[in-house]
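# Descriptive structure summary
In case you want the letters, here they are:
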Amino acid sequence: MSHAFAQRLDAVAPSATLAMTAKAAELRAAGRKIYGFGVGEPDFPTPEYVQQAAREAVAKSSHYTNVVGTPELRAAVCEATARDRGWTPSPDRVCVGVGAKHVLFNLALALFEAGDEVIIPAPYWVSYPEQVRLFGATPKIVETRAQDGWRLSAEALRAALTPRTKAIILCTPSNPSGAAYSAEELRALAEVLLGHDCFVIADEIYGELCYDGFEHHSLAKVAPELGERLVIVDGVSKTYAMTGWRIGWSISSAALAKQIAKVQGQSTTNPTAVAQAAAAAALVGPRDEVHRMRELFAARRRRMVEGLNAIPGVSCDMPRGAFYALPNVEGLYGIRHGDKLLASAADVSLWQLDVCGIAAVAGEPFGAPGHIRYSYAASESQIDEALTALRAAVLDAERA
Ligand code: PMP
Ligand code: GLU
């Protein structure tokens with residue numbers, strides 16, 4: 001059939017995080033009060049100094065830029081990486097894309113093909129396996145457990161590696177679990193990976209968001225011997241409350257950077273010029289807003305986790321980083337919802353949306369059945385109000 005769609009999308013699911021966001025927006029537009037714990041994006045405005053830099057850039061940014069980022073932004077990425085992550089890349093290794101999601105997409109296009117396996121520890125961010133499938137490769141999901149802090153062990157990693165392993169995608173701190181690896185834990189994984197010829201993609205976009213004194217360690221600092229095989233992914237969306245600006249980057253070998261430039265040169269041409277100027281200003285500007293937002297996230301995290309644990313049938317460990325709580329909700333199975341009994345995290349998430357107006361994403365598409373991801377990028381009063389309503393609904397619920 002000549003007008004059929006390309007089959008490559010048949011294996012790919014739509015983004016579950018964006019689906020819940022759209023649903024919450026629809027209910028809000030219809031007049032319902034909705035608590036938005038669905039989408040993972042800071043609720044803060046972009047800091048004023050960044051907005052000011054963007055206003056100034058408008059007059060100067062009417063033209064195409066360098067395909068993988070302006071020299072100013074690539075230099076700013078290098079400077080911020082040295083300051084925040086303790087290692088210094090050269091600008092020719094930095095490729096700026098239209099958000100970290102796009103950067104990961106570019107990497108998938110440049111690296112993965114049929115026959116490749118890509119190791120992804122579960123729970124994982126929804127887009128990793130779908131991007132792998134899009135290019136005909138196979139996600140090799142490796143389970144981790146809440147009681148191990150949702151962290152992948154060196155033994156589990158070793159057991160998952162095969163001659164077909166093309167890459168591993170490691171997210172620290174993690175979306176959706178908030179798991180983060182200490183330097184020793186990362187080193188143990190790196191020791192295994194040093195013995196296996198594959199790419200190592202470390203998504204460190206939540207690196208600035210760690211709490212209670214836990215420190216983020218960049219894999220590039222912990223295991224520089226991974227060398228040309230290591231790719232760090234990062235961006236301004238989370239740290240600087242800049243999700244809508246769509247700026248992220250990879251730091252890879254110069255050889256891989258050339259491949260990414262080829263991809264981008266035939267697709268986006270360049271990320272938006274004004275957004276690049278704003279991102280450069282964010283990266284090298286004052287740090288107080290970043291610290292203030294982190295403090296607020298830290299307080300919200302406590303509120304969210306304590307509030308969830310106060311609900312009978314819900315249990316949640318304190319995550320080390322990011323802005324997500326991932327409680328087990330299996331204790332709510334059996335609650336009656338219309339003519340159905342709750343029997344999955346997806347059922348629980350629809351029930352709480354219906355009964356309490358709480359939007360949060362069910363764990364199944366994150367590889368975390370039995371769990372729901374609550375983004376705590378919302379005010380403490382919203383968190384308190386929503387969890388009080390949820391607790392009351394659980395205590396009141398009719399059960400099988
Ligand atoms: N990686 C992870 C783990 C994320 O949570 C996100 C946010 N959705 C991204 C990458 C992409 O971020 P962005 O495209 O906004 O830079
Ligand atoms: N990282 C966010 C999330 O997981 C943004 C939505 C998305 O890109 O998936 O909710």
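Residues numbered from 1 in each chain as written. Chains lettered and ligands numbered in written order. Predicted model: local features only at pLDDT ≥ 70, side-chain atom pairs only at ≥ 80, totals over all residues. Heavy atoms only, no water.

Another aspect to go through is the nonpolar core. The biggest cluster of nonpolar side chains holds 80 residues, and the ones touching the most others in it are Phe37, Phe112, Ile201, Met304, Phe323, Tyr374 and Leu390. Core analysis: the next-biggest nonpolar cluster, separate from the first, contains 49 residues, Leu73, Cys198, Trp249 and Ala280 among them. (Core = buried A, V, L, I, M, F, W, Y, C linked by side-chain atoms within 4.5 Å. Buried < 20%, exposed > 50% of the residue type's maximum accessible area, 1.4 Å probe, protein only.)

Right, let's get into empty space enclosed by the protein. Per the stated rule, a full pass over the model turns up 3 cavities of 30 Å³ or more. Here the largest cavity is characterised by a volume of approximately 120 Å³. Around the largest cavity sit 17 residues that line it, and Pro121, Pro123, Cys171, Ser174 and Tyr181 are the ones nearest its centre. Looking at the lining of the largest cavity residue by residue, the class counts come to 13 nonpolar, 4 polar and no charged. Contributing to the lining of the second largest cavity are Val77, Ala80, Thr81, Asp84, Arg85, Glu208, Asp234, Gly235, Thr239, Tyr240, Trp249 and Leu283. Secondary structure elements with two or more residues in the lining of the second largest cavity: helix 3 (71-85) and strand 7 (230-235). (1 Å grid on protein atoms, 1.4 Å probe; cavity = no way out; pocket = protein on both sides within 12 Å on 5 of 7 lines; lining within 4 Å. Points joined across faces, edges and corners; volume = space filled by probe spheres on them. Nonpolar A, V, L, I, M, F, W, Y, C, P; charged D, E, K, R; others polar. Helix = DSSP H or I, 4+ residues; strand = E, 2+ residues; numbered from the N terminus.)

Let's shift gears to the site of ligand 1. Around ligand 1, the surrounding shell holds 13 residues, and the nearest of these are Ala100, Asp203, Tyr206, Ser237 and Lys238. Within the contact set of ligand 1, an oxygen atom lies 2.6 Å away from a backbone nitrogen or oxygen of Ala100. Cavity membership is defined here by more than half of the atoms lying within 2 Å of grid points; on that basis ligand 1 lies in the largest pocket. Classifying every residue of the shell around ligand 1 by side-chain character gives 6 nonpolar, 3 polar and 4 charged. (Near = heavy atom within 4 Å. Polar contact = N/O pair within 3.5 Å; in protein donor to acceptor, adjacent residues only side chain to side chain. Sits in = over half its atoms within 2 Å of the grid points.)

Relative to the assigned elements, Ser375 resides in strand 14 (residues 372-375). Among the polar contacts listed, one links the side chain of Ser375 to the backbone oxygen of Val39, at a separation of 3.3 Å. Within the structure, Ser375 has its side chain in polar contact with the backbone nitrogen of Ala377 (distance 3.4 Å). Not counting residues up to four positions away in its chain, the partners in contact with Ser375 are Phe37, Gly38, Val39, Gly40, Met304, Phe323 and Tyr324. (Contact = heavy atoms within 4.5 Å.)

For the rest of this paragraph, the subject is the pairing of strand 5 (residues 165-171). For strand 5, the buried fraction is high: 6 of the 7 residues fall into the buried class. Taken together, the 3 bridges between strand 3 (residues 117-122) and strand 5 define a ladder with parallel strand orientation. Looking at strand 5, one finds that Val118 is bridged to Ala167. Following the backbone out of strand 5, through helix 7 (residues 183-194) and into the adjacent parallel strand 6 (residues 199-203), one traces a crossover that is right-handed. (Pairing = 2+ DSSP bridges. Right-handed = clockwise from strand over helix to strand, strands pointing away.)

To continue, consider the sheet that holds strand 8 (residues 248-251). The sheet built from 7 strands is open, its strands ordered 2-8-7-6-5-3-4 with mixed pairing. The sheet is open, and its two edges are formed by strand 2 (94-97) and strand 4 (138-143), each paired on a single side. Between one strand axis and the next, the sheet turns through 20° on average, direction left out of account. Looking at chain direction, strand 3 and strand 4 are connected through 6 bridges and run parallel. Bridge pairing links Ile119 to Lys140 in strand 4. Against the sheet, helix 3 makes contact with strand 2, strand 7 and strand 8, and its axis sits at roughly 110° relative to strand 2, the strand it touches most. (Axes fitted to C-alpha atoms, helices over the stretch in contact; angles between N-to-C directions.)

All right, on to the sheet that holds strand 9 (residues 324-325) then. One open sheet accounts for 3 strands, arranged 9-14-13; its pairing is antiparallel. Every interior strand has two partners, whereas the edge strands, strand 9 and strand 13 (361-362), have only one. Those strands touched by helix 12 (residues 345-356) are strand 13 and strand 14, and its axis lies near 45° from that of strand 14.

For the rest of this paragraph, the subject is the site of ligand 2. All residues in the neighbourhood of ligand 2 are listed as Thr17, Leu18, Val39, Gly40, Lys101, Trp125, Asn175, Tyr206, Lys238, Tyr324 and Arg373. In the model, an oxygen atom of ligand 2 is placed 2.6 Å from a nitrogen or oxygen of the Thr17 side chain. In this structure, Trp125 approaches ligand 2 through a side-chain N or O atom, which is 3.2 Å from an oxygen atom. Here ligand 2, which alone exposes 280 Å², has 89% of that area covered by the protein. When atom positions are compared with the pocket grids, ligand 2 is found to occupy the largest pocket. Looking at the shell around ligand 2 residue by residue, the class counts come to 5 nonpolar, 3 polar and 3 charged. (Areas by Shrake-Rupley, 256 points an atom, 1.4 Å probe, with all protein chains shown as cover.)

Another point: unusual backbone geometry. For the bond from Ala122 to Pro123, the omega torsion is 0°, close enough to zero to count as cis. For Pro123, the position within the fold is in the loop between strand 3 and helix 5 (127-134). A cis amide bond links Asn175 to the next residue, Pro176, at an omega of 20°. By the secondary structure assignment, Pro176 is in the loop between strand 5 and helix 7. Although it is not a glycine, Asp212 sits at a positive phi angle of roughly 55°. When you line up the elements, Asp212 lands in the loop between strand 6 and helix 8 (219-222). Residue Asp212 is classed as exposed on the basis of its relative accessible area, which comes to 58%. The phi dihedral of Ala322 falls on the positive side, at around 65°, and the residue is not glycine.

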